[in-house]
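Residue-level listing of the chains:
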Amino acid sequence: MCGIIGYVGSQNPKDILLDGLKRLEYRGYDSAGVAVFENGKSQVYRCEGRLENLERRLKEVQFAGHIGIGHTRWATHGAPNETNAHPHKIGAITLVHNGIIENYIDHKEKLLKMGRSIASDTDSEIVAHLFDIEVTRGLTLLQAMNTVLPTLRGSYAFVVMSEKEPELLIGVRNGAPLLLGVGEGENYVASDAQAVLHRTRQIVYLEDHQFAALTREKISVFNDRGEPLNHTVKRIDWSPEQAEKLGYRHYMLKEIHEQANAITNTIDGNIDHKRGVIACSELAFTRDVLASFKRIAITACGTARHAGLIGKSYFERFARIPVEVDYASEFRYRNPVIDSSTLLITISQSGETADTLAALREAKGLGSKTLSICNVRDSTLARESDVVLYTNAGPEIGVASTKAFTTQLVVLYMLSVEVGLARKTLTEAEAKELTSDLVRLPMLVESVLQKEDELEKIAIEYQADPSFFFIGRGCLYPVALEGALKLKEISYIHAEGYAAGELKHGPIALIDRSTVTIALASVDTPYSHLGTAYTTVLHEKVVSNIQEVRARGGRVISLVTEGNSHFDPISQHVVRMPRATWAMSPILYTIPLQLFAYYVALQRGTDVDKPRNLAKSVTVE
Ligand code: M6R
């Protein structure tokens, strides 16, 4: 959470900082601020609320300096107001921070005893005081790193500047992302490559417990003992244009529409065309290693966890291996029973989610092999995992995850086929059939996207309803969870996802005329090699569940396979989906739910790309 940008060079930093913050705003948008050195003095400008408030304030302000820092906040300690906004300026020090200092209260008590006055409720201001004490007693900023950092507990990334060294920025990373952008005669520091990619593609990723000193000519990286380290500059290929809206009203809508391409790009390079079978090029485990795993544990948060639940169905059906799926925030604290015979799979768009990272580290500590499914290249999760399979979805800016989810499903599908082949639960002929199915997927996705107008009309009709249930069975149950999450996070309407058969065990008490139930029921096209599509049975059971809803006055929108008329008499609306096999259905059924949530939110006038209280990347526990 929170976006950080810093610049040192010869240009006017105003546009660089504001522009960087605009690209980082998805990380938090409770307040924003910048600080620049003017004639050796740090000038701070901060505003409560969105970045546009800060832009307005700075409209007439001219900066003379060439070095500055900026921050966009997702509040953890203290209300989202101007006093708690960053940068925090204390004496000679100005600082921006992302993360949480867990022992800030101990420090605060000591500072108060020393007679220091503390203006904000933040943990960040406390750290600014600690640095100020050190530079006031004559230490350089670099020396102050060695005395202050060991006293801090928690996860953090900082960028600090001192009026005593007005040509220097220091960036520190410990548990929250921070990277450096290398330019010519100028350098950048940011929490996300997106903030600087339109200015430089040359990126240095800091590791935990490292800090960097940036001047306009040079960057230097140090370990936590202050010893200089060699650093690698990586070239990032995401073009800045990929991260623009390209004429769409919102990033979310653009990203929904990008799904066919994103899926194609994710499949690309992962098929052995000679054999006509999936072969994940980044899968560095040998067949023997894959076959040696006795079970799989999947851990992730939010939408990524929903992908994991569908992955479980894929692995169990194609590879006949036991799989458990956990919230990352629960996994790490429940002393999980895993060992070297467990493959731990983490799934994360950003690769920076604190809970997921902690779960990965927990599993590594217990001896598991780790594989991550990530979208952001070289993210922390990617770097710390034994194997990374990338979703090539391109940058996802909308806070509500869309194309990251469907491409995660594609990767899980490909991996389950690989594991199935390794364990010999799939024959080559079965794997071939599953592969040609996957190759057809982008075309089916395109055909579902054609339903946009229909979904918009339905959304307009239901946008004022107060409560929604999403139900499905089998691998459409996690899709129901995902549909409910999408609707609640961007439209702020109460929505719950349930396994359709579970409704009668309690939630049905809530069904009346005011509730809307969205039922997902596919009749899957049978596989020629993999036996019958047992979802035909499940689909009939969903019909019964819908009858139960109707009997209590509830209204129903059904998503069903074309040609299926069973839902017509019991639904207010029926959305017809293309025929597809069992494993493709969850990917296809997700898309109308994304569109529905989008158009409901649009009707309700919410901030679709930056819904209240949320952040794209949750880097605190
Ligand atoms: O970056 P990650 O995939 O690790 O993020 C996990 C969740 O925070 C994320 O999926 C969240 O639930 C989305 N806002 C849902 O749309």
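Residues numbered from 1 in each chain as written. Predicted model: local features only at pLDDT ≥ 70, side-chain atom pairs only at ≥ 80, totals over all residues. Heavy atoms only, no water.

**Some points on the site of the ligand**
Line of reasoning, step 1. Surrounding the ligand, one finds 14 residues, the nearest of these being Ser348, Gln349, Ser350, Thr353 and Glu489.
Line of reasoning, step 2. The separation between an oxygen atom of the ligand and a polar main-chain atom of Gln349 is 2.7 Å.
Line of reasoning, step 3. About the coverage of the ligand: the protein hides 90% of its 410 Å² of free accessible area.
Line of reasoning, step 4. At the level of secondary structure, the elements contributing two or more residues to the shell around the ligand comprise helix 9 (302–319) and helix 16 (477–491).
Line of reasoning, step 5. Across the shell around the ligand, the residue classes break down as five nonpolar, seven polar and two charged.
Line of reasoning, step 6. Both of domain 2 (245–439) and domain 3 (449–615) provide at least three residues apiece to the shell around the ligand. (Near = heavy atom within 4 Å. Polar contact = N/O pair within 3.5 Å; in protein donor to acceptor, adjacent residues only side chain to side chain. Areas by Shrake-Rupley, 256 points an atom, 1.4 Å probe, with all protein chains shown as cover. Helix = DSSP H or I, 4+ residues; strand = E, 2+ residues; numbered from the N terminus. Nonpolar A, V, L, I, M, F, W, Y, C, P; charged D, E, K, R; others polar. Domains from an automatic or database assignment.)

**Description of the side chain of His107**
Line of reasoning, step 1. Inspection of the secondary structure puts His107 in helix 3 (residues 104–113).
Line of reasoning, step 2. When residues no more than four places from it in sequence are discounted, the contact partners of His107 are Ile126, Leu130, Thr151 and Leu152. (Contact = heavy atoms within 4.5 Å.)

**What about the pattern of salt bridges?**
Side chains bearing opposite charge may pair, as long as their charged atoms lie close to each other.
Line of reasoning, step 1. For the structure on display, the rule yields 30 salt bridges.
Line of reasoning, step 2. Of the charged contacts, one joins Glu482 and Lys486 as a salt bridge, the two residues approaching to 2.6 Å between their closest N and O atoms. Here Glu482 pairs with Lys486, and both are found in helix 16, just four residues apart, close to one helical turn.
Line of reasoning, step 3. Residues joined in a network through salt bridges with shared partners are Arg173, Asp208, Arg361 and Glu384. (Salt bridge = Lys/Arg side-chain N within 4 Å of Asp/Glu carboxyl O.)

**Considering helix 4 (residues 123–136)**
Residues three or four positions apart in an α-helix share a direction because the helix packs 3.6 residues into each turn.
Line of reasoning, step 1. In a regular helix each residue adds 1.5 Å, so 14 residues correspond to 20 Å; helix 4 covers 20 Å between its end C-alpha atoms and thus fits that length.
Line of reasoning, step 2. Of the residues that open helix 4, the one with a side-chain oxygen 3.1 Å from the backbone nitrogen of Glu125 is Thr122.
Line of reasoning, step 3. The first or second residue beyond helix 4 is Gly138, which carries a positive phi of 105°. (Expected span 1.5 Å × (residues − 1).)

**Re the pairing of strand 24 (residues 494–499)**
Line of reasoning, step 1. Bridge analysis of strand 23 (residues 467–472) against strand 24 gives six bridges, and the strand direction is parallel. Its bridge partner lying in strand 24, Phe469 is registered against Glu496.
Line of reasoning, step 2. At this point the chain moves from strand 23, through helix 16, to the parallel strand 24, and the crossover so formed is right-handed. (Pairing = 2+ DSSP bridges. Right-handed = clockwise from strand over helix to strand, strands pointing away.)

**Some remarks on the sheet that holds strand 19 (residues 323–327)**
Line of reasoning, step 1. Within the open sheet, the five strands sit side by side as 19-18-20-21-22. Their pairing is parallel. Edge positions in the sheet fall to strand 19 and strand 22 (387–390), since each of these pairs with one other strand and no more. Taken pair by pair, the neighbouring strands of this sheet meet at an average axis angle of 20°, ignoring direction.
Line of reasoning, step 2. Bridge count between strand 21 (residues 369–374) and strand 22: four bridges; the pairing is parallel. Considered in strand 22, the bridge of Leu371 is made with Val387. (Axes fitted to C-alpha atoms, helices over the stretch in contact; angles between N-to-C directions.)

**Topic: the packing of helix 9 against helix 16**
Line of reasoning, step 1. Running from N to C, helix 9 and helix 16 point in directions that differ by 165°, and their axes come no closer than 9 Å. The angle between helix 9 and helix 16 falls in the class roughly antiparallel. Helix 16 is crossed by helix 9, and the crossing has left-handed handedness. Only Pro478, Val479, Leu481, Glu482, Leu485 and Lys486 of helix 16 make contact with helix 9, whose side of the interface consists of Gly302, Thr303, His306, Leu309 and Ile310.
Line of reasoning, step 2. When the residues that make up the contact of helix 9 with helix 16 are grouped by side-chain class, the tally is six nonpolar, three polar and two charged. (Parallel < 35°, antiparallel > 145°, perpendicular 65-115°, else oblique. Left-handed = near helix turned anticlockwise from the far one by under 90°.)

**Structural notes on the domain arrangement of the chain**
How large an interface is tends to be reported as the accessible area lost when its parts come together.
Line of reasoning, step 1. Along its sequence, the chain is organised into domain 1 (3–236), domain 2 (245–439) and domain 3 (449–615).
Line of reasoning, step 2. Look at where the C-alpha atoms of domain 2 and domain 3 centre, and you get two points 24 Å apart.
Line of reasoning, step 3. In this complex, domain 2 contributes 35 residues to the contact, which on the side of domain 3 involves 36 residues.
Line of reasoning, step 4. For the pair domain 2 and domain 3, the summed buried surface comes to about 3200 Å²; carbon and sulfur atoms form 67% of the total.
Line of reasoning, step 5. Contact with domain 3 buries surface across domain 2, with Arg317, Val399 and Glu433 losing the most and accounting together for 21% of the total.
Line of reasoning, step 6. Along the contact surface separating domain 2 from domain 3 lie zero salt bridges.
Line of reasoning, step 7. Across the contact surface, domain 2 and domain 3 share 13 residue pairs in polar contact (both at pLDDT 80 or more).
Line of reasoning, step 8. It is helix 9 that provides the largest number of residues to the side of domain 2 that touches domain 3, a total of nine residues.
Line of reasoning, step 9. By residue class, the composition of the side of domain 2 that touches domain 3 is 19 nonpolar, 11 polar and five charged. (Buried area = accessible area lost by both parts, 1.4 Å probe.)

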